[in-house]
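This is what each chain is made of:
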Amino acid sequence: MSAAVKPVKCVAGNFIAQVLRIATGSTTVALTTTAAIVSGAAAASGISPILCAIAVCAGGIGLSLPNDSGFWAVSRFFHLNEVDTIRGWSLGGFVSGVSILIFVCILSLFQGYLPGLL
């Protein structure tokens, strides 16, 4: 498989986890469902299961919206209103998830050379 296809599979797992996190509001549901969806494709494609798992987990980090209990825990603990919680908690999580995904895509290009990735 070409090196250009591997990052695309990482991005697909991340995107599915992100959409499920937004839809359900639960990181646990998003991660376990996404792992079940992409595990077969990841195993057949030759991509590192470690990188695939990290990409999926990065998708579960971002965009904690008001349908998530963690959103309200952060909001109430730090005495923030909803707008400030979205700015600080949700956007911060999204930026960190995208940063992790970029790093995973870079690592997937060196999958055959770095020990422990396959």
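Residues numbered from 1 in each chain as written. Predicted model: local features only at pLDDT ≥ 70, side-chain atom pairs only at ≥ 80, totals over all residues. Heavy atoms only, no water.

## Brief notes about the pattern of salt bridges
Thought 1: Under the criterion given, the structure shown has two salt bridges.
Thought 2: For Asp68, the salt bridge goes to Arg21, with nearest N and O atoms at 2.4 Å. A residue pair is termed long-range when its members are at least 10 positions apart, and Asp68 in the loop between helix H3 (49-61) and helix H4 (69-77) and Arg21 in helix H1 (residues 5-24) qualify at 47 residues. In this pair, the class of Asp68 matches that of Arg21, namely buried.
Thought 3: Residue Asp84 is joined to Arg87 by a salt bridge in which the shortest nitrogen-to-oxygen separation is 3.5 Å. Residue Asp84 and its partner Arg87 are located together in helix H5 (residues 82-109), separated by three residues, close to a single helical turn.
Thought 4: Given the relative accessible area of 32%, Asp84 is considered partly exposed. (Salt bridge = Lys/Arg side-chain N within 4 Å of Asp/Glu carboxyl O. Helix = DSSP H or I, 4+ residues; strand = E, 2+ residues; numbered from the N terminus. Buried < 20%, exposed > 50% of the residue type's maximum accessible area, 1.4 Å probe, protein only.)

## As for the nonpolar core
Thought 1: Core analysis: the biggest nonpolar cluster contains 13 residues, and Cys10, Ala55, Leu101 and Val104 have the highest contact counts within it.
Thought 2: For this core, the secondary-structure elements that each account for two or more residues are H1, helix H2 (27-45), H3 and H5.
Thought 3: When residues in this core are grouped by element, the largest group, four residues, is from H3.
Thought 4: Contacts of Val104, omitting those with residues within four sequence positions, involve Cys10, Leu51, Ile54 and Ala55. (Core = buried A, V, L, I, M, F, W, Y, C linked by side-chain atoms within 4.5 Å. Contact = heavy atoms within 4.5 Å.)

## Points about the environment of Ile16
Thought 1: Among the secondary structure elements, Ile16 is positioned in helix H1.
Thought 2: For the pair Ile16 and Gly40, spaced 24 residues apart in the sequence, the C-alpha separation amounts to 14 Å.
Thought 3: Apart from the residues lying within four places of it in its own chain, the contact partners of Ile16 are Thr34, Ile37 and Val38.

## Digging into the environment of Ala73
Thought 1: Here Ala73 shows up in helix H4.
Thought 2: Sequence separation between Ala73 and Tyr113 is 40 residues; the distance between their C-alpha atoms is 42 Å.

## Things to note about the packing of aromatic side chains
Thought 1: Inspection of the entire model under this criterion finds two aromatic pairs.
Thought 2: Geometrically, the ring pair formed by Phe71 and Trp72 is edge-to-face, given 5.1 Å between the ring centres and 80° between the ring planes.
Thought 3: A relative accessible area of 0% means that Phe71 is categorised as buried. (Phe/Tyr/Trp six-rings, centres within 6.5 Å; stacked < 30°, edge-to-face > 60°.)

## Focus on the packing of H2 against H3
Thought 1: Remark: H2 packs on H3, axes separated minimally by 10 Å, with the N-to-C direction vectors making an angle of 150°. With respect to each other, H2 and H3 are oriented roughly antiparallel. H3 is crossed by H2, and the crossing has right-handed handedness. Of the residues in H3, those in contact with Thr27, Leu31, Thr34, Val38 and Ala42 of H2 are Cys52, Val56, Cys57 and Gly60. (Axes fitted to C-alpha atoms, helices over the stretch in contact; angles between N-to-C directions. Parallel < 35°, antiparallel > 145°, perpendicular 65-115°, else oblique. Left-handed = near helix turned anticlockwise from the far one by under 90°.)

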